[in-house]
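# Descriptive analysis of the structure
Listed below are the residues making up each chain.
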Amino acid sequence: MPTDDRRVMLLTGASRGIGHATVKRFAREGWRIITCSRQPFPEQCPWGGGREDHIQVDLANPTQTIEAIAEIRDRLNGKLHALVNNAGISPKGEGGARLNTLETDLRTWGQVFHVNFFASIILARGLKEELSAAHGAVVNVTSIAGARVHPFAGAAYSTSKAALAALTREMAHDFGPLGVRVNAIAPGEIETSILSPGTEKIVETLPQRRLGQPREVADVIWFLCSDQSSYVTGTEIEVNGGQHV
């Protein structure tokens, strides 16, 4: 059993973009970070002990996700202070085309919902005792696409994020008596390597007229996992430069 007494965060989807920035933010605060991904540990990630605390698991596979919980619990000292459900996939059609409700096949729907939606509740429920012992926090990463038709985000992605927002509300109700807060953030157009061509046209319409930076999203995640938000639960914070207005 580990003897490390640092606060611990479990983060899915850590290898790039928002996840990568979140790792750096929490590492700077002295937290221990356990990551989950279907990829091996990314060599470019800078935090100490990262390789030892990386668990390779395909969140699209419910059996693997459930089985990973035992390995995660073995790495904890009975407490989990934060669970950040950041992993998400948004499959594209030929040439990067948006997959709508008429063209997305059932297997793709299932894969997207397993990663973007079901993994979040599977992990939280499987680790509820450790979250409760730490009076921890859960942050679900939703999307601006969960509230409107987006020109690039596919139908399966958008509806999975809308469902995750509703799940956040339900989890806040159910986990609250355990001493666990559950919130969500809804990023908009964030400057990462997966931006679709044409995003600049969306940026021209934003009140702030610029892309968001991954560190700006990571700062909100940090706030929701810190004691500064100790009376905040069941909410979804828009992090999109006013795109939702």
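The paragraphs below set out a description of the structure included in this document. Since the structure is predicted, the reported quantities are computational estimates derived from the model, not experimental observations. (Residues numbered from 1 in each chain as written. Predicted model: local features only at pLDDT ≥ 70, side-chain atom pairs only at ≥ 80, totals over all residues. Heavy atoms only, no water.)

### Here's the deal with the environment of Pro 177
Heads up, the condition is: Counting from the N terminus, the helices are the DSSP runs of H or I reaching at least four residues and the strands are the DSSP runs of E reaching at least two. Classification of residues uses two cut-offs on accessible area relative to the type maximum, computed with a 1.4 Å probe and protein chains only: under 20% is buried, over 50% is exposed, and between them is partly exposed.
Counting through the fold element by element, Pro 177 comes out in the loop between α5 (155-175) and β6 (181-187). Among the residues examined, Pro 177 registers a relative accessible area of 70% and is labelled exposed.

### Looking at the sheet that holds strand β2 (residues 32-37)
Using the following cut-off: Strands are treated as partners if at least two bridges between them are detected by DSSP. Every angle, taken between N-to-C directions, lies between 0 and 180 degrees, and every axis is a line fitted to C-alpha atoms, over only the stretch in contact when it is a helix. Between two residues, a contact is recorded if the distance between any of their heavy atoms is within 4.5 Å.
Strand order in this open sheet of 7 strands is β3-β2-β1-β4-β5-β6-β7, and the pairing throughout is parallel. The open sheet terminates on both sides in strands that have one partner only, identified here as β3 (54-56) and β7 (236-239). Each adjacent strand pair in this sheet contributes to an overall mean axis angle of 15°, direction not counted. Sitting on the sheet, helix α3 (residues 106-126) is in contact with β1 (8-12), β4 (82-85) and β5 (137-141), with an inclination near 165° to β4.

### Thoughts on the environment of Gly 188
You can see Gly 188 is positioned in the loop between β6 and α6 (199-203). Along the sequence, Gly 188 and Gly 212 sit 24 residues apart, while their C-alpha atoms lie 7.6 Å from each other.

### So, the packing of aromatic side chains
The condition is simple: Between 30 and 60 degrees the pair is tilted, below 30 it is stacked and above 60 it is edge-to-face, where a pair is any two Phe, Tyr or Trp rings, Trp via its six-membered ring, whose centres lie within 6.5 Å.
Inspection of every chain in the model, using the stated rule, returns 6 aromatic pairs. Arranged with centres 5.9 Å apart and planes meeting at 75°, the rings of Trp 31 and Trp 222 form a pair that is edge-to-face. Of this pair, Trp 31 sits in the loop between α1 (17-28) and β2 while Trp 222 sits in helix α7 (residues 214-225), and the two are 191 residues apart along the sequence. When sorted by exposure, Trp 31 lands in the same class as Trp 222, which is buried. What links up through ring pairs into an aromatic cluster is the set Trp 109, Phe 113, Phe 117 and Phe 118.

### Topic: the nonpolar core
Here is the rule we go by: Among the buried residues, those of types Ala, Val, Leu, Ile, Met, Phe, Trp, Tyr and Cys that are joined through side-chain atoms within 4.5 Å form a nonpolar core.
Residues Leu 10, Ile 72, Leu 80, Leu 83 and Met 171 are the most contacted members of the largest nonpolar core, which totals 33 residues. Of all elements in the fold, only β1, β2, α2 (62-75), α3 and α5 reach the threshold of two or more residues within this core. It is α3 that provides the largest number of residues to this core, a total of 8 residues. Ignoring sequence-local partners within four residues, the contact set of Met 171 consists of Ile 121, Ala 124, Val 138, Asn 140, Gly 176 and Val 182. One finds Leu 11, Ile 33, Ala 82 and Cys 225 within the second-largest nonpolar core, a separate group that totals 21 residues.

### Brief notes about unusual backbone geometry
Unlike most non-glycine residues, His 135 shows phi in positive territory, near 50°. Here His 135 lies in the loop between α4 (128-133) and β5.

### Things to note about α7
Our working rule: A helix is expected to span 1.5 Å for every residue after the first.
Between the first and last C-alpha of α7 there are 17 Å, a value that for 12 residues agrees with the 16 Å anticipated at 1.5 Å per step. Of all the positions in α7, only Pro 214, Val 217, Ala 218, Val 220, Ile 221, Trp 222, Leu 224 and Cys 225 are classed as buried. For α7, the elements touching its buried residues are α1, β4, β5, β6 and β7.

### Quick notes on the packing of α3 against α5
Stated precisely, the cut-off is as follows: Angles below 35 degrees are treated as roughly parallel, those above 145 as roughly antiparallel, those between 65 and 115 as roughly perpendicular, and all remaining angles as oblique. What makes a crossing left-handed is the near helix being turned counterclockwise from the far one by less than a right angle; a clockwise turn instead makes it right-handed.
It is the contact of α3 with α5, at a shortest axis distance of 9 Å, that shows an interaxial angle of 15°. As the angle between them shows, α3 and α5 are arranged roughly parallel. At the point where α3 passes α5, the crossing takes the right-handed sense. Counting all contacts with α3, which are made through Trp 109, Val 112, Phe 113, Asn 116, Phe 117, Ser 120, Ile 121, Ala 124 and Arg 125, the residues of α5 involved are Ala 155, Ala 156, Tyr 157, Thr 159, Ser 160, Lys 161, Ala 163, Leu 164, Leu 167, Met 171 and Phe 175.

### Side note on the packing of α1 against α7
What counts is decided by this rule: Gly falls in the polar group here, along with every residue not listed as nonpolar (Ala, Val, Leu, Ile, Met, Phe, Trp, Tyr, Cys, Pro) or charged (Asp, Glu, Lys, Arg).
At a minimum axis separation of 8 Å, α1 and α7 run at an interaxial angle of 55°. It follows from the interaxial angle that α1 and α7 lie oblique. Crossing of α1 against α7: the hand is right-handed. Residue-level inspection shows Gly 17, Ile 18, Ala 21, Thr 22, Arg 25 and Phe 26 of α1 in contact with α7, the latter providing Pro 214, Arg 215, Val 217, Ala 218, Asp 219, Ile 221, Trp 222 and Cys 225. Among the residues forming the contact of α1 with α7, the class breakdown is 9 nonpolar, 2 polar and 3 charged.

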